[in-house]
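Listed below are the residues making up each chain.
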Amino acid sequence: MTAHDISLSRRNLLKGAGALVIGLSLPQAGRAQSGAAQVFSPGGAAAFAPNAFVRIAADDTVTVLVKHIEFGQGPFTGLATLVAEELDADWGQMRAEHAPADAKLYANLAFGIQGTGGSTAIANSFEQMRRAGATARAMLVQAAAQAWKVPAAEITVERGVLKHASGKQGRFGEFAEAASRLQAPAEVPLKDPARFKLIGKDGTTPRLDSLGKSTGKAQFTIDIRTPDMLTVVVARPPRFGGKVASFDATEARKVKGVVDVRQIPSGVAVYATGTWPALKGREALKVAWDESGAETRGSRELIAEYRRLARTEGTVAGRHGDAEAVLARADKVIEAEFVFPYLAHAPMEPLDGYLEWNGQGALARLGSQLQTIDHQVIAKVLGLGPEKVRVETLLGGGSFGRRAQPTSELAAELAEAAKAIGPNRPVKLVRTREDDLSGGYYRPLFLHRMRGVLKDGRITAWSAAIVGQSFLKGSPFEAMIKDGVDPVMVEGASELPYEIADFRCDLHTVDVGVPTLWWRSVGHTHTGYAVECFVDRLLQEAGQDPVAGRLALMGKQQRLATVLKAVADLAKWNGPGPVGGRARGVGVVESFGSYVAQIAEVSLGEGGEPKVHKVWCAIDCGVAVNPDIIRAQIEGGIGFGLGHVLYGELTLDQGRPVQTNFDSYRSLRINEMPEIEVAIVPSSEKPTGVGEPGVPPIGPAVANALARLGRERPLSLPMVGGSV
Amino acid sequence: MVHSINVNGTTHRVDVDDDTPLLWVLRDNLGLTGTKFGCGVAQCGACTVYMDGQPLRSCSLPVSAVGDARITTIEALAGKEAEAVQAAWVKHDVPQCGYCQSGQVMSAIALLKEIRKPTDRDIDLAMTGNLCRCTTYVRIRAAIHDAARTLEG
Ligand code: FES
Ligand code: FES
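Reading guide: rules and limits
- Residues numbered from 1 in each chain as written.
- Chains lettered and ligands numbered in written order.
- Predicted model: local features only at pLDDT ≥ 70, side-chain atom pairs only at ≥ 80, totals over all residues.
- Heavy atoms only, no water.
- Helix = DSSP H or I, 4+ residues; strand = E, 2+ residues; numbered from the N terminus.
- Rg over C-alpha atoms; globule rule 2.2 N^0.38 Å.
- Buried < 20%, exposed > 50% of the residue type's maximum accessible area, 1.4 Å probe, protein only.
- Contact = heavy atoms within 4.5 Å.
- Domains from an automatic or database assignment.
- Buried area = accessible area lost by both parts, 1.4 Å probe.
- Salt bridge = Lys/Arg side-chain N within 4 Å of Asp/Glu carboxyl O.
- Polar contact = N/O pair within 3.5 Å; in protein donor to acceptor, adjacent residues only side chain to side chain.
- Nonpolar A, V, L, I, M, F, W, Y, C, P; charged D, E, K, R; others polar.
- Disulfide = S-S within 2.5 Å.
- Pairing = 2+ DSSP bridges.
- Axes fitted to C-alpha atoms, helices over the stretch in contact; angles between N-to-C directions.
- Left-handed = near helix turned anticlockwise from the far one by under 90°.
- Expected span 1.5 Å × (residues − 1).
- Core = buried A, V, L, I, M, F, W, Y, C linked by side-chain atoms within 4.5 Å.
- 1 Å grid on protein atoms, 1.4 Å probe; cavity = no way out; pocket = protein on both sides within 12 Å on 5 of 7 lines; lining within 4 Å.
- Points joined across faces, edges and corners; volume = space filled by probe spheres on them.
- Phe/Tyr/Trp six-rings, centres within 6.5 Å; stacked < 30°, edge-to-face > 60°.
- Lys NZ or Arg CZ within 6 Å of the ring centre and 35° of its normal.

Participant: Please explain the overall build of chain B as it appears in this structure.
Facilitator: Tallying secondary structure elements over chain B gives 5 helices and 5 strands in all. In sequence order, chain B lays out its α and β elements as β-β-α-β-β-β-α-α-α-α. Taken over C-alpha atoms, the radius of gyration comes to 15 Å for chain B, in line with the 15 Å a tight globule of 153 residues would show. Considering only C-alpha atoms, chain B reaches an extent of 45 × 30 × 25 Å along its principal axes. Burial analysis of chain B (153 residues in total) assigns 58% to the buried set. Looking at chain B alone, contacts between residues at least 24 apart form 57% of all its contacts between residues at least 6 apart.

Participant: Explain the domain arrangement of chain B to me, please; I cannot follow it from the model alone.
Facilitator: The accessible area lost on association of the parts is a frequent measure of interface size. Residues and elements named next belong to chain B. By the assigned domains, chain B splits into domain 1 (2-76) and domain 2 (80-152). On a C-alpha basis, the centroid separation for the pair domain 1 and domain 2 is 21 Å. Listed by partner, the interface residues are 15 residues for domain 1 and 12 residues for domain 2. Taken over both partners, the interface formed by domain 1 and domain 2 buries close to 1,100 Å², and the fraction arising from carbon and sulfur atoms is 56%. Viewed at the interface, domain 2 and domain 1 are joined by 0 salt bridges. At the junction of domain 1 and domain 2, the tally comes to 6 residue pairs in polar contact (both at pLDDT 80 or more). Looking at the side of domain 1 that touches domain 2, the elements with two or more residues in it are strand 3 (48-51) and strand 4 (54-57). Sorting elements by how many residues they give to the side of domain 1 that touches domain 2 places strand 3 first, with 3 residues. Counted by class, the side of domain 1 that touches domain 2 contains 7 nonpolar, 6 polar and 2 charged residues.

Participant: Can you walk me through the state of the cysteines in this structure?
Facilitator: Joining two cysteines, a disulfide is a covalent bond between their sulfur atoms. For the structure on display, the rule yields 0 disulfides over all chains. C505(A) takes part in no disulfide bond, and the closest cysteine sulfur, belonging to C533(A), lies 16 Å away.

Participant: Can you walk me through the sheet that holds strand 17 (residues 427-430) of chain A in this structure?
Facilitator: Strand-to-strand pairing in sheets goes through backbone hydrogen bonds, with the strands running parallel or antiparallel. All names here are of chain A. With mixed pairing, the 7 strands of this open sheet are ordered in space as 9-10-7-17-14-15-16. Here the strands that pair on one side only, and so sit at the sheet edges, are strand 9 (258-264) and strand 16 (389-393). The mean angle between the axes of side-by-side strands here comes to 20°, regardless of whether they run parallel or antiparallel. Lying on the sheet, helix 13 (residues 371-382) is in contact with strand 14 (352-357), strand 15 (362-366) and strand 16; it crosses strand 16 at an angle near 140°.

Participant: Please clarify how the environment of G160(A) should be interpreted in this entry.
Facilitator: Residue and element names in this part refer to chain A. With respect to the element layout, G160 can be found in the loop between strand 4 (156-158) and strand 5 (161-163). Relative accessible area serves as the criterion here: at 0%, G160 is assigned to the buried category. C-alpha of G160 to C-alpha of V389: the two residues are 229 residues apart in sequence and 37 Å apart in space.

Participant: What should I look at first to understand the interface of chain A and chain B in this one?
Facilitator: Each partner contributes to the interface: chain A provides 56 residues, whereas chain B provides 51 residues. Taken over both partners, the interface formed by chain A and chain B buries close to 4,500 Å², and the fraction arising from carbon and sulfur atoms is 55%. The three residues of chain A that bury the most area against chain B are W276(A), M348(A) and I670(A), which together make up 18% of that side's buried surface. For the pair chain A and chain B, the interface holds 7 salt bridges.

Participant: Would you take a moment to explain the packing of helix 4 (residues 120-127) of chain B against helix 5 (residues 137-152) of chain B for this structure?
Facilitator: The packing of two helices is summarised by the inter-axis angle and the distance between the axes. Residues and elements named next belong to chain B. The contact between helix 4 and helix 5 brings their axes to 11 Å, and the two run at 115°. Between helix 4 and helix 5 lies a crossing of right-handed hand. Touching D120, I123, D124 and M127 of helix 4 are I140, R141, I144 and H145, all from helix 5. A class-by-class count of the residues in the contact of helix 4 with helix 5 yields 4 nonpolar, 1 polar and 3 charged.

Participant: Whenever I open this one, the sheet that holds strand 22 (residues 594-604) of chain A confuses me. Can you help?
Facilitator: Residue and element names in this part refer to chain A. The sheet built from 4 strands is open, its strands ordered 21-22-23-26 with mixed pairing. Single-partner strands in this sheet number two, and they are strand 21 (583-591) and strand 26 (675-680). Each adjacent strand pair in this sheet contributes to an overall mean axis angle of 15°, direction not counted. In this sheet, strand 26 lies alongside strand 23 (residues 610-620) in parallel orientation, the contact comprising 6 bridges. Note that in strand 26 the partner of A618 across the bridge is A679.

Participant: Before we go on, may I ask you to explain helix 14 (residues 409-421) of chain A in this structure?
Facilitator: A turn of α-helix holds 3.6 residues, and therefore any two residues three or four places apart point the same way. Residue and element names in this part refer to chain A. For helix 14, built from 13 residues, the straight-helix expectation of 18 Å at 1.5 Å per residue is met to within 8% by its first-to-last C-alpha distance of 19 Å. By the criterion of burial, helix 14 is predominantly enclosed, with 10 of the 13 residues buried. Of the positions making up helix 14, those classed as buried are E409, L410, A411, A412, E413, L414, A415, A417, A418 and I421. Of the residues trailing helix 14, G422 is marked for its positive phi of about 95°.

Participant: Just checking my understanding: could you explain the nonpolar core for this structure?
Facilitator: Most often, soluble globular proteins keep nonpolar side chains buried together rather than apart. Residue and element names in this part refer to chain A. Among the nonpolar cores identified, the biggest contains 215 residues, and I56, L162, W462 and M719 are the most heavily contacted of them. With 12 residues, helix 6 (residues 121-148) is the single largest residue contributor to this core. Here M719 is in contact with Y529, P610, V645, L646, G699, V702, A703, L706 and P714, once residues within four sequence places are set aside.

Participant: Help me understand empty space enclosed by the protein, please; the structure alone is not making it clear to me.
Facilitator: The probe, sized like a water molecule, is rolled over the atoms to show the empty space still left. All names here are of chain A. In the structure shown here, the tally under the stated rule is 6 cavities of 30 Å³ or more. Approximately 610 Å³ is the volume found for the largest cavity. Along the walls of the largest cavity sit 42 residues, with Q73, S119, T120, G691 and E692 positioned nearest its centre. Elements with a minimum of two residues in the lining of the largest cavity: helix 1 (3-25), helix 4 (75-87), helix 6 and helix 20 (627-647). Broken down by element, the residue count for the lining of the largest cavity peaks at 3 residues, all from helix 20. Residue composition of the lining of the largest cavity, by class: 22 nonpolar, 17 polar and 3 charged. As for the second largest cavity, its lining consists of 17 residues, of which W519, T525, G641, V645 and L717 are closest to the centre. For the lining of the second largest cavity, the secondary-structure elements that each account for two or more residues are helix 17 (524-541), helix 20 and helix 21 (698-706). Shared between two domains, the lining of the second largest cavity takes at least three residues from each, and those domains are domain 3 (298-344 + 442-519) and domain 4 (543-724).

Participant: In this structure, what is going on with the pattern of salt bridges? I would like to understand it.
Facilitator: Think of it this way: side chains of opposite charge can pair up when their charged atoms draw near. For the coordinates displayed, the defined rule picks out 63 salt bridges over all chains. Of the charged contacts, one joins D435(A) and R282(A) as a salt bridge, the two residues approaching to 2.9 Å between their closest N and O atoms. Taken as a pair, D435(A) in helix 15 (residues 433-437) and R282(A) in helix 10 (residues 275-284) lie far apart in primary sequence, 153 residues in all. Pair check on accessibility: D435(A) and R282(A) agree, each one buried. Between K91(B) and D146(B) there is a salt bridge, and its shortest N-O distance comes to 2.7 Å.

Participant: Would you take a moment to explain the packing of aromatic side chains for this structure?
Facilitator: We describe a pair of aromatic rings using the distance from one ring centre to the other and the angle between the two ring planes. For the coordinates displayed, the defined rule picks out 13 aromatic pairs over all chains. Between F220(A) and Y99(B) the ring centres are 5.2 Å apart and the planes differ by 85°, which places this aromatic pair in the edge-to-face class. Of this pair, F220(A) sits in the loop between helix 8 (210-214) and strand 7 (230-235) while Y99(B) sits in the loop between helix 2 (80-91) and helix 3 (101-114), placing the two residues on different chains. For Y99(B), a relative accessible area of 0% gives the class buried. On the basis of an interplanar angle of 75° and a centroid distance of 5.5 Å, the ring pair of F477(A) and W518(A) is categorised as edge-to-face. With a gap of 41 residues between them, F477(A) in the loop between strand 19 (458-468) and helix 16 (487-490) and W518(A) in the loop between strand 20 (502-509) and helix 17 connect regions that are remote in the sequence. The two residues F477(A) and W518(A) agree in class, both being buried. Aromatic ring contacts, followed pair by pair, group F240(A), Y342(A) and Y442(A) into a single cluster. If you follow R520(A) out to its NZ or CZ, it ends over the ring of F640(A), 5.4 Å from the centre.

Pasting the structure below:
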């Protein structure tokens, strides 16, 4: 199976899982909810609504209803670009807003439910949004043709202006009303890519959200204020799996501004007139926790356990040839064991949500990433039919995977908090950074045990044992687990892009009572590091160049080889060095259908800490819809990945999270950010993801550079200040 | 207790506990939500405002300590440095999620008021207290240099 097939099959699995969710808990979800689109009227009173995605108002504005959450990765701009392209709109007239939660109208075509993840926003919307734009265009043209009494085929559209050779011309707004009375055509032709004016054209589609976000005007969930709203914070158990045994709210209730204190399933909720009184109230609360069912192991114990397991037989996740036999006969086996800590997503805006209900119906507003599941959960908790619950998605202040919870823990807590105080008391649930960092849903702790054999300068055998937790297990996405293998635990490691005769990858899935979750680039966060460090180590032992050595192993991996060559050109690769105290390391990873290669230039800075000066990156993500957003996502992916391999760890001590704020959960700062140069490899393939694929290669690229500076490739992350 | 504070040129009276951080007074009492909460412990800079023109982490200053100082939030930015910085932010499409950017913009403007033509090192020093989890730092740096060029005329 090629790498491409893997991503396709992953999508199919997700689709299956999605259908399952709806089938199990929300029959006819779509039909029940599709009223929401009518209730919701973005852009004010739009005169023309040709489909679920496009609204054209008399004032000429074109508003795209974006089914994906915008948390920085750019779907507002990206999906609006697709519509504008086919509509032949002027970019200046484009607007974007979140679509409401409605699984029928706004499903992610890769999942079967509404949601964002797996870097699929552009990929699954590419045709759908273009078709939405083309339909609107055809109807506007038809309306103009009728008004002008000319054949539709003689009308041209350019930058939001309809024109006829007779000299007649008009703007969209003028025909919006008339177009709204027409029947939408069943079939519309899409543009030949050669005629694209916006897609792939640098500088034509500046972000739609930059101004609001540069002036403090952009509204996030935490900014919601409504009359009589109460702010809620929840005291949660200090260890995962703990429960409230009893609590005493006497002192908490004395805090000025505290209105009520209630127990909810996740802990004890304090309701107040503002954030500070809520926090003070929580501080004054006395809670006795029942920790009989709590996870009490710490990272140290877990790692020891994982080490032991890695030396036993696991479930086979990938195999060809007979690696064990080659290893058993080899004179020399090269080994490495990599340990990856728990990591928090720590989105800049800690998770939060707003909910108002009156017993009959509810409105929830939050940075929802899996709207369909959040919607179902809120309806269920409140005992309402889903058609009585409206979910509005707000801008998310970052996510990195955290807002996409198969369990909807946030939506559930929000609804429980609203329910506990009763109807007609709007609530805004907020979390502090401490709540966020100690709240779980981490990138799981992983251990990789790698063994390899070299013969005559060639890698002849490769064996990997991977140990960690599965967050798909027990989730609505469980259907993705096949033959005991959770594919997102081994993606990137169960099949290599490198041709090695004898290969094996084993998986050990461990049950730990720590809630875990996908984290930007999911399995590739650890498999990318383990594989790319280990292949580099083997190539080094074999005396081969990191670039040429990889290329020689890539065989059929055309697109991956192309990005590797492209990045080598960009960086003027001339071996790893070091030169003048700076060495260069390579990392190349395919993830989410995109191919990314990076070269990092590294020296040893103060106190021997790695200092990353520059990163070159080449990406092939198919058709590059918004080149500047791709560059931005690569810059962000590299910074995010780098910050965590250098400094990020969420350690558990006897089950308790140790790092609780940014003073100890060290995050990359501006002085630690390398210079970045990005090359987007031209491609006419279908567009693929850019939000995540920038992350995986940077860690190994830095590690592989360190190996040329007389350091070992770090076996345990983070590279700086690791405490386990 | 009732506190009288000057925010964006207007005196406001707010009835909150003395230890209430200025941040929450701005956001919850005055509705000035452009100033963000990111950590509450002066580690991230999302809550940056000006106190008598100097950047300050409003999460870590109790309202009782504001006294007669003049507080300025992002809602009341004015002047050529502010214009240059915000224009550069838009031109470079700096924001991703955008949540940290109020604080970034506030710190960048304060830097340019202090140092007309900042070096990369000046930028590091002035901006290192502002975390961006989306790591938009490459563009923050480029936008500050660009704004400095605009101000040069
Ligand atoms: S919220 Fe004030 S510095 Fe982070
Ligand atoms: S833009 Fe997201 S945290 Fe800075």
